[in-house]
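Now for the letters of each chain:
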Amino acid sequence: MAPQPEARIMTDQPILLKTLLTQRHWQTYSTFCKEYDKAAKKVDPSLQGGWPSRAQLHRWLNGELKGLPYSGHCRVLEAMFPGRSAHELFSATAVEIPAQRSAPEPGRSAGPDTAACSMPQMADVTAVFSSRSAFSSAYPASSLFDDAKEINAAGLSLNILCQSYPDHQLKRLLDTGTRIRCLFLDPKGQAIRAREAEEGYTDSTLTTLTALNISMLTRLRDRLDTTSAQRLELHVYDETIRFNLLFVDRALCVVQPYLPQARGVDSPTFVIKDNTAAEGLFPVFDQVFRDIWERSKPV
């Protein structure tokens, strides 16, 4: 039976669950889901994969619940934190939680190590670069993609995937299980022509480059076996372009705004590490990608 809802008085103290996740370095959504599944396997294998959505977890950690989640969630959470009841986990606490004696399990990182910024006003932004070229020097394509299991990219021509990373490496990723989703600005659409006019191009430079990059990936897809080819999804959209977005393994997000008149390579670049326990930008841009993907059409 689902627990009876009960009103909870909002306080400035963090929810105990949020504190414990941060202490164990489980606050990123991908890590939380991994640990949730580990506990679910012990409690009831049928609960595996039943972790909350990103938005739902955000509500849990920010005290936006009245009462408790469904009993299945409660059972798994109590297994994740032995000795703690679900009521305790969803209560506000001012008690200092002692640090773990053992080192936390290291997670696979995407790109160079970047320490999380301790300044609260920076939320989950961990690095800022004045231009895309400065970002590329610090984060070469190989460091971003070599060990990736999931890559989502949206922008104009997606040169970081199509021009900065070799075909044979993309093929290796796809053949070994990596899923890649690419959202290109439609080379046959109106939005790309508007962007060319904004950047001062009169010779269809952006249209030609984008069509070339799409062609490169479609040729690659044609060389793959059926299973690998299904992991490479190519879509186009025809909307005013605002951001170049790159997500690696649901853990790293790279955001580059498109500035008036300036080329994309001159855009400032922000690196964001998922931190579900914080008020951050990762879920904002993750939703932007999802919304555009839903409105796009496959190539």
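Residues numbered from 1 in each chain as written. Predicted model: local features only at pLDDT ≥ 70, side-chain atom pairs only at ≥ 80, totals over all residues. Heavy atoms only, no water.

Draft legend 1. A look at the packing of helix α2 (residues 29-43) against helix α4 (residues 71-80). The geometry of α2 relative to α4 is characterised by a closest axis approach of 8 Å and an angle of 100° between their N-to-C directions. Our classification of the angle between α2 and α4 gives roughly perpendicular. Contacts between α2 and α4 involve Phe32, Glu35, Tyr36, Ala39, Ala40 and Val43 from the former and Gly72, His73, Arg75, Val76, Leu77, Ala79 and Met80 from the latter. Class assignment for the residues of the contact of α2 with α4 results in nine nonpolar, two polar and two charged. (Axes fitted to C-alpha atoms, helices over the stretch in contact; angles between N-to-C directions. Helix = DSSP H or I, 4+ residues; strand = E, 2+ residues; numbered from the N terminus. Parallel < 35°, antiparallel > 145°, perpendicular 65-115°, else oblique. Contact = heavy atoms within 4.5 Å. Nonpolar A, V, L, I, M, F, W, Y, C, P; charged D, E, K, R; others polar.)

Draft legend 2. Focus on the packing of aromatic side chains. Tallied over the full model, the rule gives twelve aromatic pairs. Summarising the aromatic geometry, the rings of Tyr29 and Trp51 are spaced 6.5 Å apart at their centres and angled 85° between planes, so their arrangement reads as edge-to-face. Of this pair, Tyr29 sits in helix α2 while Trp51 sits in the loop between α2 and α3 (54-61), placing them 22 residues apart in sequence. For Trp51, a relative accessible area of 29% gives the class partly exposed. Each ring, one from Phe129 and one from Tyr139, has its centre 6.1 Å from the other, and the planes form 85°; the classification is edge-to-face. Of this pair, Phe129 sits in strand β1 (residues 125-129) while Tyr139 is found in the loop between α6 (132-138) and α7 (141-145), placing the two residues ten residues apart along the sequence. Here Tyr139 falls in the buried class, since its relative accessible area comes to 3%. Ring-pair connections join several aromatic residues into one group, and the members of that group are Phe247, Phe282, Phe289 and Trp293. If you follow Arg24 out to its NZ or CZ, it ends over the ring of Trp26, 5.9 Å from the centre. (Phe/Tyr/Trp six-rings, centres within 6.5 Å; stacked < 30°, edge-to-face > 60°. Buried < 20%, exposed > 50% of the residue type's maximum accessible area, 1.4 Å probe, protein only. Lys NZ or Arg CZ within 6 Å of the ring centre and 35° of its normal.)

Draft legend 3. Just the nonpolar core, in detail. Core analysis: the biggest nonpolar cluster contains 34 residues, and Phe145, Leu161, Phe184 and Leu217 have the highest contact counts within it. A per-element tally of this core places helix α11 (residues 205-223) first, with four residues. When neighbours within four sequence positions are excluded, Leu217 is seen to be in contact with Cys162, Leu170, Cys182, Phe184, Leu232 and Leu234. With 25 residues, the next largest nonpolar core counts Leu20, Ala39, Leu47 and Leu89 among its residues. (Core = buried A, V, L, I, M, F, W, Y, C linked by side-chain atoms within 4.5 Å.)

Draft legend 4. Highlighting helix α13 (residues 282-295). For α13, which comprises 14 residues, the first-to-last C-alpha distance of 21 Å matches the rise-based estimate of 20 Å (1.5 Å per residue) to within 8%. Every buried residue belonging to α13 is among Phe282, Phe285, Asp286, Phe289, Ile292 and Trp293, and all of these are buried. Along the axis of α13, the buried residues cluster in a sector spanning 130°; they form a single face. Opposite the buried face of α13, by more than 90 degrees, sit the exposed residues Glu294 and Arg295. (Expected span 1.5 Å × (residues − 1). Arc of directions from axis to C-beta.)

Draft legend 5. Geometry of α2. Between the first and last C-alpha of α2 there are 21 Å, a value that for 15 residues agrees with the 21 Å anticipated at 1.5 Å per step. For α2, the full list of buried residues reads Tyr29, Phe32, Cys33, Glu35, Tyr36, Ala39 and Ala40. Down the axis, α2 shows its buried residues gathered within 170° of arc, on one side only. Of the exposed residues in α2, the ones pointing more than 90 degrees away from its buried face are Lys41 and Lys42. The elements touched by buried residues of α2 are α1 (16-23), α3 and α4.

Draft legend 6. Region of interest: the sheet that holds strand β6 (residues 252-257). Read from one edge to the other, the open sheet built from eight strands follows the order β1-β7-β6-β5-β2-β3-β4-β8, with strand pairing classed as mixed. What marks the edges here is a single partner per strand, and that holds for β1 and β8 (297-298). Sheet analysis places strand β2 (residues 150-154) next to strand β3 (residues 179-185), joined by five bridges and oriented parallel. Bridging from a neighbouring strand, Ala154 pairs with Leu183 of β3. Where α11 meets the sheet, it contacts β3 and β4 (232-237), and its direction lies at approximately 155° from that of β4. (Pairing = 2+ DSSP bridges.)

Draft legend 7. Looking closely at unusual backbone geometry. The backbone of His25 sits at a positive phi, close to 65°, despite the residue not being glycine. Judged by relative accessible area, His25 falls into the partly exposed class, the value being 48%.

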